[in-house]
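Examination of the molecular architecture
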Amino acid sequence: MTVASFFDSMDYAPSTEDDSAARAWLASHDARFGHFIDGAFTKPAEGFDTLEPATGNPLAQVSQGVTADVDAAFKAARRAQKGWAALPGHERALKLYALARIIQRNSRLIAVVEALDNGKSIRETRDIDIPLAARHFYHHAGWAQLQDSQFAGYDPVGVVGQVIPWNFPFLMLAWKLAPALALGNAVVLKPAEATPLTALLFAELAQAAGLPAGVLNIVTGDGETGALIAAHEGADKVAFTGSTEVGRRIREATAGQGKSLTLELGGKSPFIVCEDADIDAAVEGVVDAIWFNQGQVCCAGSRLLVQEGVSDVFHARLAERMKTLRIGGSLDKTIDLSAVIDGAQRDRIAGMVDRAVAAGATLVQSGDVPTTGSFYPPTLLRDVPATCEAATEEIFGPVAVSMTFRTPEEAVQLANHTRYGLAASIWSENINLALDLAAKVQAGIVWVNCTNVMDAGVGFGGVKESGFGREGGREGCYDYLKPRAFAKVSERKAASPMAAKGFSLDPVDRTAKFYIGGKQARPDGGNARAVVGAKGAVLGEVGEGNRKDIRNAVEAARGAKSWGGKTQHNRAQVLYYMGENLSARAEEFAERISAQTGAKTDKARAEVAASVSRLFSYGAWADKVEGTVHMPPMKGLALAVPEPIGVAGVICPEESPLLGFVSAVAPLIATGNRVVAVASEAHPLSATDFYQVLETSDLPGGVLNIVTGSTETLGRELAKHNDVDVLWAFTTPALSAEIERLSVGNLKRVFTDHGRAWDWTSPEAEGEHFIRQATQVKNIWVPYGE
Ligand code: NAI
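Position numbers for residues count from 1 along each chain, tracking the sequence in the order it is written. Restriction of local features to residues with pLDDT of at least 70 applies here, the model being predicted, together with a cutoff of 80 or more for giving and counting side-chain atom pairs; totals for whole chains, interfaces and linings are based on all residues. Values shown for side chains rest on all heavy atoms present in the structure; no hydrogens or waters enter the calculation.

The name that an unreviewed UniProt entry assigns to the protein is Putatively membrane-anchored aldehyde dehydrogenase protein, with the source organism given as Sagittula stellata. Database annotation for the protein, UniProt heading Sequence similarities (unreviewed entry): "Belongs to the aldehyde dehydrogenase family." UniProt positions are given in the numbering used here, feature names are shortened, and annotations may be inferred rather than shown by experiment.

Next up, the structure:
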């Protein structure tokens, strides 16, 4: 070819990145790797090949982590963690800073190894994955430096098990490791079986950077190794990114182990193009949304929702743009798309596309794909039936599905019509419309007139079945910390209601009913149970709740959605009013506490006073729950807005029947959630007496619903209910475990003390920790400035 011929065709010449350094690095290990445990590589053991997706050739052999490896890694991590956490923040900051520097110094090598092992383009690894990974270490070096002042009262969680996927092997590693290490945790991390190499390279670099032995351990292997890590008793926390299906399995496997858990799972994120959008910008946005990384992005804008009036022009320009996308080998610097992870994934993508076409979708595809390796062309499926699998399931490939909408309301309905809630992208030149849609879409991340932008300082994570927890920034740090105040706890026993002495049937029905939808309601089954006081006398009866009662209560709570839209001021006023009304009845409530628990009068009065104070505290918090304005190093701002989670189930603690109840429900109400509370089983009358407080306050019906009966029966029902978005469980260790297990249906967030009773009278049993558990942050990226 002559230079002139390039001018004639205006095409790119291939420009291949030099891979000799990467190959030399592999050769220096004889292309065989052991695990990295306690600061050294183990001898390579039986394992599997990792392949080069762009050619199908084997790159190296890695070891399959077995129980003994995982045990050794956790042992090393445990040994190292104390000393690591005890280092002054500045010392840890220096180490994190050294990791960032060593990544930058070796960025070309890492970028090439990543492109070879994953199949993604060198352009992306070089310009996005690796620089952003370095930024994660820089950013979190800062949190290590500031830890004492910014996270006073918090300790590191301890030893963390981390399992990551193959789509961003190095970036995801940085994303997981940087906060964990910065805040004084030690880690056992497993990279995905398809892409283990950059993790092993990083281990070597970390060693060179002087990271103490045992603080970071890398165990390679497949899902079985992942399962060993997630369920390991040496892990105080598990952080997982990957498919929703595996996320569910991990939720089940860790249930009852007292671990903290964050799950960053799949998505089917909407990309909404309004009729007043800048169409060219939106078309370019689609390129970044769904063809970046071959669409193997959890937050990919994979569902295009286009307003009818601009649908033709938008799709025409998109089809034109698709023709210019270049597909080729991962080391070619001029290509837009490279190989997907492997042949199985390519076949899976192809199968979903074929089925969508068979169901009536129109196929738009372009680009010649190489015949070797696992390539799939950029694809658009138009007019996909809304119920078709391609429209609802994560394809995880370069395939966008598109539908049209008529009104913004319809766009919101379509956007939210999914079990996922990771991200959304909104394109409109009208700020009012864009921000109105941003408020209404159910997603952890919203991009206005941009897409797929991320930063180490901005929280990332989803809602609904996209998981829970946030990674990045201050928000993400809390997921690697635990409040010191809750360290001193005692194990909670099962409720042991006293047996009635001399039970006599009262001709007048004094059974306390339930409180559902702002009204007192009889139990569905018509059954009641006696409430026996500390001295054995029957104090009254309460209804025996069942599944139907829980269903009714959840329905009432769902119906009270407008509570979340009330002003913070309004919610504050209601809580103050509740406090005032409780205070007016203080003596009655104190007597009731004494009668139920046998508490001395002074103690019972103190519990009432503390409950009044707590209601006032949450009234105070209600209009002080604020978001943050993140200023990432790119054009624009990210507005971190804490939102209510939705319908909350609460299993109230047995101890402190009034204060426990108030402490558990008030933070949820203050932040705009609606609550279904199961009262203390042994001492339910403080909660049922509370109806009078509710009836004289201005809390709208359905915001707080109260059911009594067996905690076990009702707790299970709440855990299984798919319309319950979050569950707070202050119950026995056994029931907490079961609740965590049963929560997998809709992957609801569970906040539990794992059966270890806190001291509710402590001032630390209120405040920000509870507010954080009652909210989920939506990060809204908006254009700002030049
Ligand atoms: P996966 O969820 O199976 O794998 C992710 C990681 O979890 C890997 O390290 C794997 O070894 C590990 N793992 C697998 N089973 C495990 C278990 N039982 N316990 C603990 N760890 C386990 O994802 P996979 O199979 O690689 O991809 C399948 C589909 O999942 C993709 O087509 C895509 O739809 C989705 N996916 C979503 C990702 C996301 O970021 N949201 C990332 C990767 C995959």
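Next comes the rest of the account.
Focus: unusual backbone geometry
Despite not being glycine, Asn-449 has its phi angle at roughly 55°, a positive value. Its location among the elements puts Asn-449 in the loop between strand S18 (445-448) and strand S19 (467-468). Assessed through its relative accessible area of 25%, Asn-449 is described here as partly exposed. One non-glycine residue, Leu-747, adopts positive backbone phi at about 50°. Topologically, Leu-747 is positioned in the loop between helix H25 (733-742) and strand S33 (749-752). Strands here are runs of E lasting at least two residues and helices are runs of H or I lasting at least four, both read from the DSSP assignment and numbered beginning at the N terminus. Between buried and exposed lies partly exposed: a residue is buried under 20% and exposed over 50% of the maximum accessible area for its type, with that area taken using a 1.4 Å probe on protein chains only.

Quick notes on the environment of Gly-360
Mapping Gly-360 onto the fold places it in the loop between helix H13 (343-358) and strand S14 (362-365). Residues Gly-360 and Ile-780 lie 420 residues apart in sequence; the distance between their C-alpha atoms is 35 Å.

Here's the deal with the site of the ligand
Of all residues adjacent to the ligand, which total 27 residues, the nearest are Ile-164, Trp-166, Lys-190, Glu-193 and Ser-243. For this analysis, a polar contact is any N or O atom pair within 3.5 Å, provided that within protein one partner can donate a hydrogen and the other can accept it, and provided that sequence-adjacent residues contribute only side-chain to side-chain pairs. At 2.5 Å, a side-chain N or O of Trp-166 approaches an oxygen atom of the ligand. A distance of 2.8 Å separates an oxygen atom of the ligand from a polar side-chain atom of Lys-190. For the area figures, the Shrake-Rupley method with a 1.4 Å probe applies, and any residue is considered shielded solely by the protein chains shown. When the free accessible area of the ligand is taken as 800 Å², the share hidden by the protein chains comes to 86%. Tallied by class, the residues present in the shell around the ligand amount to 13 nonpolar, eight polar and six charged. The residue makeup of the shell around the ligand includes at least three contributed by each of domain 1 (35-51 + 62-265 + 477-483) and domain 2 (270-456). Note on definitions. A residue lies near a molecule or strand when any single heavy atom of the residue is within 4 Å of it. Polar here means any residue other than Ala, Val, Leu, Ile, Met, Phe, Trp, Tyr, Cys and Pro, which are nonpolar, and Asp, Glu, Lys and Arg, which are charged; Gly is therefore polar. Each domain's extent was defined by an automatic or database domain assignment.

Some words on the domain arrangement of the protein
By a widely used convention, the size of an interface equals the accessible area lost when the partners come together. Domains assigned within the protein are domain 1 (35-51 + 62-265 + 477-483), domain 2 (270-456) and domain 3 (511-774). Each partner contributes residues to the interface: domain 1 has 27 residues there, and domain 2 has 24 residues. Summed over both partners, the accessible area (1.4 Å probe) lost when two parts come together is defined as the buried area. Carbon and sulfur atoms supply 60% of the area that domain 1 and domain 2 bury against each other, a total of about 2,100 Å² over both sides. What makes a salt bridge here is a side-chain nitrogen of Lys or Arg within 4 Å of a carboxyl oxygen of Asp or Glu, nothing more. Along the contact surface separating domain 1 from domain 2 lie two salt bridges. By the convention used here, residues are in contact when the closest approach between their heavy atoms is within 4.5 Å.

Observations regarding helix H10 (residues 244-254)
Within H10, the full set of buried residues consists of Thr-244, Gly-247, Ile-250, Arg-251 and Thr-254. Down the axis of H10, the smallest arc covering the buried residues is 115°, so these residues share one side. The inward-facing, buried residues of H10 abut helix H9 (223-231), strand S10 (237-241), strand S11 (260-264), S19, H25 and S33. Working note: the arc is built from the helix axis to C-beta atom directions.

Here we look at the packing of helix H5 (residues 107-118) against helix H8 (residues 197-208)
Think of each axis as a best-fit line through the C-alpha atoms, taken over the contacting stretch in the case of a helix, with angles from 0 to 180 degrees between the N-to-C directions. Where H5 contacts H8, the axes come no closer than 9 Å and their chain directions differ by 155°. Between H5 and H8, the crossing angle belongs to the class labelled roughly antiparallel. Here Leu-109, Ile-110, Val-113, Glu-114 and Asp-117 of H5 lie close against H8, whose contacting residues are Leu-197, Thr-198, Leu-201 and Leu-205. Among the residues making up the contact of H5 with H8, the classes are represented as six nonpolar, one polar and two charged. Any angle that is under 35 degrees is reported as roughly parallel, and any over 145 degrees as roughly antiparallel; angles of 65 to 115 degrees are reported as roughly perpendicular and all others as oblique.

Quick look at the packing of aromatic side chains
Think of a pair of aromatic rings as described by two things: how far the centres are apart, and how the planes are tilted against each other in angle. Between 30 and 60 degrees the pair is tilted, below 30 it is stacked and above 60 it is edge-to-face, where a pair is any two Phe, Tyr or Trp rings, Trp via its six-membered ring, whose centres lie within 6.5 Å. Per the counting criterion, the structure on display carries 29 aromatic pairs. For the pair Phe-36 and Phe-41, a centre-to-centre distance of 5.2 Å together with 65° between the ring planes defines the contact as edge-to-face. Take Phe-36: its relative accessible area is 4%, and that puts it in the buried class. For Phe-41, a relative accessible area of 27% corresponds to the partly exposed category. Ring geometry for Phe-137 and Phe-202: centres 5.5 Å apart, planes at 25°, overall stacked. With Phe-137 in helix H6 (residues 122-150) and Phe-202 in helix H8, this pair connects stretches of sequence that are 65 residues apart.

Considering the nonpolar core
Grouped together as the largest cluster of nonpolar side chains are 112 residues, with contacts concentrated most on Phe-137, Leu-197, Phe-202 and Phe-314. No other element matches helix H7 (residues 169-182), which puts eleven residues into this core. A domain-level breakdown of this core finds at least three residues from each of domain 1 (35-51 + 62-265 + 477-483) and domain 2 (270-456). Those residues in contact with Phe-314, other than ones at most four positions away along the chain, are Val-273, Ile-279, Ala-282, Val-283, Val-286, Leu-304 and Val-306. In these notes, a set of buried Ala, Val, Leu, Ile, Met, Phe, Trp, Tyr and Cys residues joined through side-chain atoms within 4.5 Å is what counts as a nonpolar core. Ranked by size, the runner-up nonpolar core spans 56 residues in total, among them Val-650, Leu-658, Leu-668 and Val-726.

What about the sheet that holds strand S16 (residues 399-405)?
Note on pairing: two strands pair once DSSP finds at least 2 bridges between them. An order of S14-S15-S16-S13-S12-S17-S18-S35-S28-S27 is seen for the ten strands of this open sheet, with the pairing classed as mixed. At either margin of the open sheet sits one strand with a lone partner, and together these are S14 and strand S27 (628-630). Across this sheet, the average inter-strand angle for adjacent strands is 20°, counted without regard to direction. As paired strands, S14 and strand S15 (residues 379-382) are joined by four bridges and run antiparallel to one another. Directly across from Val-364, in S15, lies its bridge partner Leu-380. On the sheet, helix H11 (residues 279-291) packs against strand S12 (269-273), strand S13 (301-307), S15, S16 and strand S17 (423-427) and is oriented at approximately 170° with respect to S12. Running over the sheet, helix H16 (residues 431-440) touches S12, S17, S18, strand S28 (637-644) and strand S35 (775-782) and is turned about 155° from S35.

A word on the confidence of the model for the protein
Model confidence for the protein is summarised by a mean pLDDT of 95, while 98% of its residues fall at 70 or above. For every residue, the predictor reports its confidence as pLDDT, a number between 0 and 100. Per-element mean pLDDT across the protein ranges from 76 in helix H1 (residues 3-9) up to 99 in strand S8 (residues 186-190). This prediction of the complex comes with two scores: 0.96 for pTM and 0.96 for ipTM.

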